[in-house]
Structure formats: C-alpha cells, structure tokens
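Residues per chain are reported as follows:
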Amino acid sequence: MSRINGTTGHALVAVRNGADKLQLIPYYVNSLADAVRGVGRTESTAGVGQIEATYSPTHDGAVVAFQNSTGALSVINYGVTLTATEELTVDRRASASHSTAVGDVDVATVVMGRSVSESSGAWKGVVTVEQRSSDDTVWLRTWQINTAGTSVTLVDTQQVKDLATNTAFTAADVDVTVTGNLGSREFAVVSVATPSGLRVQTWQISSAGLLGRVDQWDAGAASELSSARAGAQDAALGLRTGAGVMSLISFQVDSDGGLGRAGTVDAGAVSALAVDGRSGAQRLAALALDGDGEITVFHHQTNYSSLY
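Definitions and limits used
- Residues numbered from 1 in each chain as written.
- Predicted model: local features only at pLDDT ≥ 70, side-chain atom pairs only at ≥ 80, totals over all residues.
- Heavy atoms only, no water.
- Helix = DSSP H or I, 4+ residues; strand = E, 2+ residues; numbered from the N terminus.
- Buried < 20%, exposed > 50% of the residue type's maximum accessible area, 1.4 Å probe, protein only.
- Polar contact = N/O pair within 3.5 Å; in protein donor to acceptor, adjacent residues only side chain to side chain.
- Contact = heavy atoms within 4.5 Å.
- Pairing = 2+ DSSP bridges.
- Axes fitted to C-alpha atoms, helices over the stretch in contact; angles between N-to-C directions.
- 1 Å grid on protein atoms, 1.4 Å probe; cavity = no way out; pocket = protein on both sides within 12 Å on 5 of 7 lines; lining within 4 Å.
- Points joined across faces, edges and corners; volume = space filled by probe spheres on them.
- Nonpolar A, V, L, I, M, F, W, Y, C, P; charged D, E, K, R; others polar.

Novice: Help me out: how do you make sense of the side chain of Arg199 in this one?
Specialist: Looking at the secondary structure, you find Arg199 in strand E15 (residues 197–205). Since its relative accessible area comes to 14%, Arg199 is described here as buried. A distance of 2.9 Å separates polar atoms of two side chains, one belonging to Arg199 and the other to Asp218. Ignoring sequence-local partners within four residues, the contact set of Arg199 consists of Asp162, Phe169, Val190, Ser191, Val192, Thr194, Gln216, Trp217 and Asp218.

Novice: Hey, could you run me through the sheet that holds strand E20 (residues 259–269) in this one?
Specialist: Strand order across the open sheet formed by four strands is E17-E18-E19-E20, with antiparallel pairing between neighbours. At either margin of the open sheet sits one strand with a lone partner, and together these are strand E17 (222–229) and E20. Direction aside, the axes of adjacent strands within the sheet are offset by 20° on average. The pairing of strand E19 (residues 245–253) with E20 spans eight bridges and is classified as antiparallel. Across the sheet, residue Ser250 finds its bridge partner in E20, namely Gly263.

Novice: Mind showing me how you'd approach empty space enclosed by the protein here?
Specialist: Going through the model one piece at a time under the given rule, you end up with two cavities of 30 Å³ or more. In this structure, the second largest cavity spans a volume of roughly 30 Å³. Residue lining of the second largest cavity: Thr177, Val189, Ser191, Val200, Ser227, Ala235, Ala236, Leu237 and Phe251, and that is the complete set. Listing elements by their share of the lining of the second largest cavity, those giving two or more residues are strand E14 (187–194) and strand E18 (234–241). Looking at the lining of the second largest cavity, the element that brings in the most residues is E18, giving three residues. Here the lining of the second largest cavity is composed, by residue class, of six nonpolar, three polar and no charged.

Novice: What am I meant to see in the sheet that holds strand E13 (residues 173–179) here?
Specialist: Picture the strands of a sheet paired through backbone hydrogen bonds; they go either parallel or antiparallel. The strand order across the open sheet formed by four strands is E13-E14-E15-E16, and the pairing between neighbours is antiparallel. Either end of the sheet is taken by a strand with one partner, and the two such strands are E13 and strand E16 (211–218). Across the sheet, the axes of successive neighbouring strands diverge by a mean angle of 20°, strand direction being ignored. The pairing of E13 with E14 spans seven bridges and is antiparallel. In the sheet register, Thr179 faces E14, and the bridge partner there is Phe187.

Novice: Mind showing me how you'd approach the pairing of strand E10 (residues 123–132) here?
Specialist: Within a regular beta strand, the side chains point alternately toward one face of the sheet and then the other, so they alternate between its two faces. When you tally the buried positions in E10, you get nine out of 10 residues, the bulk of the element. By the bridge criterion, nine bridges tie strand E9 (residues 87–113) to E10 in an arrangement that is antiparallel. Within E10, the residue paired with Val107 across the bridge is Thr128. Sheet topology note: the E10/strand E11 (residues 138–145) ladder contains seven bridges and is antiparallel.

This is how it looks when you write it as structure tokens:
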C-alpha cells in the first residue's frame, strides 16, 4: 500500500489477487477518516510475486515494483485521479523492467536527487533494491519518472558492496527508504540482512540519478526488515532480531549522508512487522504480528525527536 502523494491520506493498494494478477485499488480518505473505495484496475498477466509500492514523485499516483511472471523486476507507474465526489480512478501510464530474476525487492520515492558535491538540481524518480535469485547479491537501481508519469526509464544500476573492503555480499532480506532535507538533497537508506547480520548503508543520488555509496553501519542478526522516513533527515528501521523479538532502530542522516544510530526501542516476540512514518513528523508507527496471530500497533516518537 502507498499514499498517492507525499501529503494527503489517499492511498493505492497493490495486491496479488486470487488469480495471481497485480490488482490496484484506490481509496479516498475523507475528513471523517472514512476510506472510500474507488475504481481500480487489474493487470492481465498472471504469475506475479512480491509487490511493493511508493508514491509517484511527479504526480498523484504510485509506482509499483514487483516480481513479474518470469521472476524478474518490473516497475509500473500509475496515475490516480479524482473522477467524482470522493471517487478515485487508477490509470496505467508507463512501465519498464529488467531481465534479471529477483528474490526480494523494495522501492522508495526520490524527489530531491542531488549529490553532496552539487548545489543545484533535483532528480525525481524511484530507487529500487533487489536481492538477485541466482546468487543472493544486492543491487540498487534508479528509475526516472517524467512530469506526466508517461515514461519510466532505468538510469543507474550499482551493486551494493561492503564499504570498507568494496567486496560483494549476500542477503536474505532487503529494504529501502529515502530521507534527507527536502530543501537540499535526499539519500537512500538501504537495509540488508546478511549472513553476518544487519547492514545499513546510505547512498547519494545525483541530479542525473546516479548512485554513490556514502556510509555504512553494521549490527547483529536480523530479519523481517521494514524501514520508513520518520522526519526531515531521519529514518526508522523495524526488524526481528536473532532472538525473535521486534526492535525499532532510529537513524539520523546528516547533510553529507553520514549515518548515525540515535536510539532503539525493543518489544516482544514477533513473526512479522511493518513500519511507516512521515517526512514532516518525527514519529513512527509499527504493525507487528506475534506468535499467537495477534496484531499490535505501536506508535513512537523517534529517539532523536525533539519531542522525545
């Protein structure tokens, strides 16, 4: 599920339906917080796998990254339009794909791509992270979305490697979010569960959409990764530790892309979790599924918040 822009509560749900096809369902959220289902669409090809979504960087809508019927990565940009009172309608505008099979994928929106050496420019698109099926290595890609959303273009592809040794590593789980000062530049925050433990990296994105690794932070065993922006220059990461309990970790990313761990909140045993936040608020929400099948919602001020 994704918002349709960075400000409103309206949403687009992207799911694999009973026929294993990609289905899009828009929801208009009114002043009473009622979610009104709109006019969706279903893609014709069956056999899709994992599905992730993020809001479109240039218009109301969402970009969906998913495993297509061949197991490879596809990226589709959808527009969402208000067509009647409290009724949203979805239209497909553009798509692109890559032939390499993926085992895990995530996607995040970029609206201020500008490297640390640049003083102008604002690249707009999405960044994807993938775990390749053939060897479990990790790769980042940038995809540019034009103003009307009618074009999705692959710009850059980089393998994620260890910062100290510049060697490749394998992963069982990958996740990405984007954070940074909207007035200057944004950075991709890439989280990876490796055989040795958690690895978090920051990557700069230039005004041409080119990727560059900046900083890295390592920790212990982790799985079920879920991250989100939770403040102007902040990121929140939820994970399941090696002991099976949920841990929420807060990071701050400075103006040069430096990554600093600011705090941690631990909870009980979980089997799955999801984290979300907002760029304008230093708060996060986490949804956790425990071993008994019960769902718990957590709401935290992030540890680096001035409110904490």
